[in-house]
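Secondary and tertiary structure notes
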Amino acid sequence: MAKVHVKKNDQVMVATGKDRGAKGRVLRVLVGEGKAVVERVNMIKKHTRANPNKGIQGGILERENPIQIANLRVICPECGKPSRLGRRRLEDGRGVRVCKSCGSTFS
Ligand SMILES: [Zn+2]
């Protein structure tokens, strides 16, 4: 399984691709696919046809398309920079993430 450095509710920035520089909150992490769904980032439009019998209104539905986690940088809660993260294991066995910009640790 790929190493996943992104967690739900993290603030992240997109580092590459058409949404480069976009920031948002992680809504979902798709570990198996190595992707994450980020709020209001990489939106795709889905056209839905009206179906009055089912009470469905036709129109364009927008939703987030998952992004490769490799293309995301977590925004460090301490220094506020989109950072590369390392991992460290504490003496009590808990794993924490380490910001490589400022050196602070967080879960
Ligand atoms: Zn930092």
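Residues numbered from 1 in each chain as written. Predicted model: local features only at pLDDT ≥ 70, side-chain atom pairs only at ≥ 80, totals over all residues. Heavy atoms only, no water.

**A word on the overall build of the chain**
Stated precisely, the cut-off is as follows: In DSSP terms, a helix is any run of H or I states spanning at least four residues, a strand is any run of E spanning at least two, and both are numbered starting from the N terminus. The classification of residues rests on relative accessible area computed with a 1.4 Å probe and restricted to protein chains. Under 20% of the type maximum is buried, over 50% is exposed, and intermediate values are partly exposed. Only the protein chains shown count as cover for residues, and all accessible areas are computed by the Shrake-Rupley method using a 1.4 Å probe. Only four residue types enter the tally: Lys and Arg on the positive side, Asp and Glu on the negative side; His and the chain ends are excluded. The atom standing in for a charge is NZ when the residue is Lys, CZ when it is Arg, CG when it is Asp and CD when it is Glu.
Scanning the chain from N- to C-terminus turns up zero helices and 11 strands. Each helix and strand of the chain, placed in order from N terminus to C terminus, yields the pattern β-β-β-β-β-β-β-β-β-β-β. Taking the principal axes of its C-alpha atoms as reference, the chain extends roughly 60 × 25 × 20 Å. Buried residues in the chain amount to 31% of all 107 residues. Split by element, the accessible area of the chain, about 7,400 Å² in all, is 46% carbon and sulfur. In the chain, 24 positive and 9 negative side-chain charges are present, and the distance between their average locations comes to 5 Å.

**What to know about unusual backbone geometry**
For Asn 9, which is not glycine, the phi torsion reads 75° and is therefore positive. Within the secondary structure, Asn 9 sits in the segment before strand E1 (11-14). Given the relative accessible area of 46%, Asn 9 is considered partly exposed. Positive phi values are uncommon outside glycine, yet Arg 40 reaches one of about 60°. When you line up the elements, Arg 40 lands in the loop between strand E3 (35-38) and strand E4 (43-48). You can call Arg 40 exposed: its relative accessible area is 57%.

**Re the sheet that holds strand E8 (residues 82-83)**
Inclusion rule: Strand pairing is assigned whenever DSSP identifies at least 2 bridges connecting the two strands.
Spatially, the six strands line up as an open sheet ordered E6-E3-E2-E1-E7-E8, and their pairing is antiparallel. Pairing within the sheet leaves two strands with one partner each, and these edge strands are strand E6 (67-68) and E8. As judged from the three bridges shared by E1 and strand E2 (residues 23-30), these two strands associate in the antiparallel manner. Its bridge partner lying in E2, Met 13 is registered against Lys 23.

**Considering the coordination of the zinc ion**
When four donors bind a metal tetrahedrally, each ideal donor-metal-donor angle is 109.5 degrees, and when six bind octahedrally, the ideal angles are 90 or 180 degrees. Put simply, the rule is: For Na, K and Ca the donor cutoff is 3.2 Å, while for all other metals N, O and S atoms count as donors only within 2.8 Å; water does not appear among the atoms, so some sites may look incomplete. The rule is simple: four donors are tetrahedral if all their angles sit between 85 and 135 degrees, four are square planar and six octahedral if opposite donors span more than 155 degrees and the others lie between 65 and 115, and anything that fits none of that is irregular.
The zinc ion binds to the protein through Cys 76 (SG), Cys 79 (SG), Cys 99 (SG) and Cys 102 (SG); the donor distances cover 2.2 to 2.3 Å. Coordination at the zinc ion is tetrahedral, judged from the four donor atoms that bind it and the angles of 104 to 115° they form at the metal. Sequence positions of the donors to the zinc ion reduce to the motif C-x2-C-x19-C-x2-C. On the accessibility criterion, Cys 79 (28% relative accessible area) is partly exposed.

**Re the sheet that holds strand E9 (residues 85-89)**
As summarised here, the arrangement of the three strands in space is E9-E10-E11, forming an open sheet in which the pairing is antiparallel. Taken across any chain shown, the strands that pair with only one partner, and hence form the sheet edges, are E9 and strand E11 (105-106). For strand E10 (residues 95-99) and E11, the ladder comprises two bridges, and the chain directions are antiparallel. Across the sheet, the residue bridging to Val 98 is Thr 105, located in E11.

**Quick notes on the environment of Pro 66**
Quick reminder of the rule: Residues count as neighbours in contact if any of their non-hydrogen atoms are within 4.5 Å of one another.
Summarising the element assignment, Pro 66 is placed in the loop between strand E5 (59-64) and E6. We classify Pro 66 as partly exposed; its relative accessible area is 23%. Remark: the alpha-carbon pair of Pro 66 and Glu 39, spanning 27 residues in sequence, is separated by 9.9 Å. Setting aside its immediate chain neighbours within four residues, Pro 66 contacts Leu 30, Lys 35, Ala 36, Val 37 and Asn 42.

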